[in-house]
Amino acid sequence: MHIDHIGIAVKDLETSVANWEKLLGASCYKREVVETQKVETAFFIKKESKIELLGPTSEDSVIAKYIEKRGEGMHHVAFEVEDIEAEIARLKNEGYTLLSDEPSNGADQKKIVFMHPKDANGVLVELCQSMQ
Ligand code: CMX
């Protein structure tokens, strides 16, 4: 439907939240740990544009691995979809590599699934569907 948010990998969530609050002139409206992904998230919104900061909660988090390999920076682009199961089926049928067959529970009350970055010109794509 539209870009739901941009995910940014950060080493230290506390200092990064303070930095982005100053930069955007907006307070972080939600912090949430996603145990399954081993990340802590912090969300900002300006009109319809959402930014998600992602800090690792353990050394084997994909975010820790990402930062070690590529440094801090833009980690993923998330598109909101109406029916995530239907989109998974459609994309698999088109030959894309989804990182799981079933959506999982992500931050911000969303069902989420990721597509491998090699299938989107080096960009990690997330599909998300609101559970609200
Ligand atoms: N964006 C672009 N490229 C990425 C990437 C990212 N976020 N993460 C990894 N890559 C690239 C690597 O640089 C590497 O490229 P080369 O082969 O050219 O070196 C390649 O993908 C493989 O990376 P890797 O370091 O070997 O890591 P893995 O293959 O083990 O894992 C990935 C990569 C994308 C499968 C894994 O990070 C993943 O499963 N991601 C989805 C889950 C996730 O990101 N969760 C955190 C966010 C949770 C949330 O928003 O709630």
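Higher on the page you've got the structure.
Computed from a prediction, not measured in an experiment: that's the story for all the values here. (Residues numbered from 1 in each chain as written. Predicted model: local features only at pLDDT ≥ 70, side-chain atom pairs only at ≥ 80, totals over all residues. Heavy atoms only, no water.)

### Some words on helix H1 (residues 13–24)
Phase 1 of the analysis: Between its first and last C-alpha atoms H1 spans 16 Å; for twelve residues at 1.5 Å apiece the expected length is 16 Å, and the two agree.
Phase 2 of the analysis: Within the sequence span of H1, burial applies to Leu13, Ser16, Val17, Trp20 and Leu24. Looking straight down H1, one finds its buried side chains confined to an arc of 100°; they lie on one side. Projecting away from the buried face of H1 at angles above 90 degrees are the exposed residues Glu14, Thr15 and Lys22. (Helix = DSSP H or I, 4+ residues; strand = E, 2+ residues; numbered from the N terminus. Expected span 1.5 Å × (residues − 1). Buried < 20%, exposed > 50% of the residue type's maximum accessible area, 1.4 Å probe, protein only. Arc of directions from axis to C-beta.)

### Brief notes about the pattern of salt bridges
Note on pairing: side chains with opposite charge can pair once their charged atoms come close.
Phase 1 of the analysis: Evaluated as defined, the whole model comprises twelve salt bridges.
Phase 2 of the analysis: For lysine 118, the salt bridge goes to aspartate 119, with nearest N and O atoms at 3.5 Å.
Phase 3 of the analysis: Within the structure, one salt-bridge network assembled from shared partners comprises Asp4, Lys30, Lys50, Glu80, Asp108 and Lys110. (Salt bridge = Lys/Arg side-chain N within 4 Å of Asp/Glu carboxyl O.)

### Considering the pairing of strand E3 (residues 39–46)
Phase 1 of the analysis: The sheet contact formed by strand E2 (residues 30–34) and E3 spans five bridges and is antiparallel. Each residue of the ladder has a partner; that of arginine 31, found in E3, is alanine 42.
Phase 2 of the analysis: Hairpin connection between E2 and E3: a loop of four residues separates the two successive antiparallel strands, and lysine 38 in this loop has a positive phi of roughly 55°.
Phase 3 of the analysis: Across eight bridges, the pairing between E3 and strand E4 (residues 49–56) is antiparallel. Note on E4: the bridge partner recorded for phenylalanine 43 is glutamate 52.
Phase 4 of the analysis: Linkage of E3 to E4, two consecutive antiparallel strands, is achieved through a turn of two residues, within which lysine 47 is found at a positive phi near 50°. (Pairing = 2+ DSSP bridges.)

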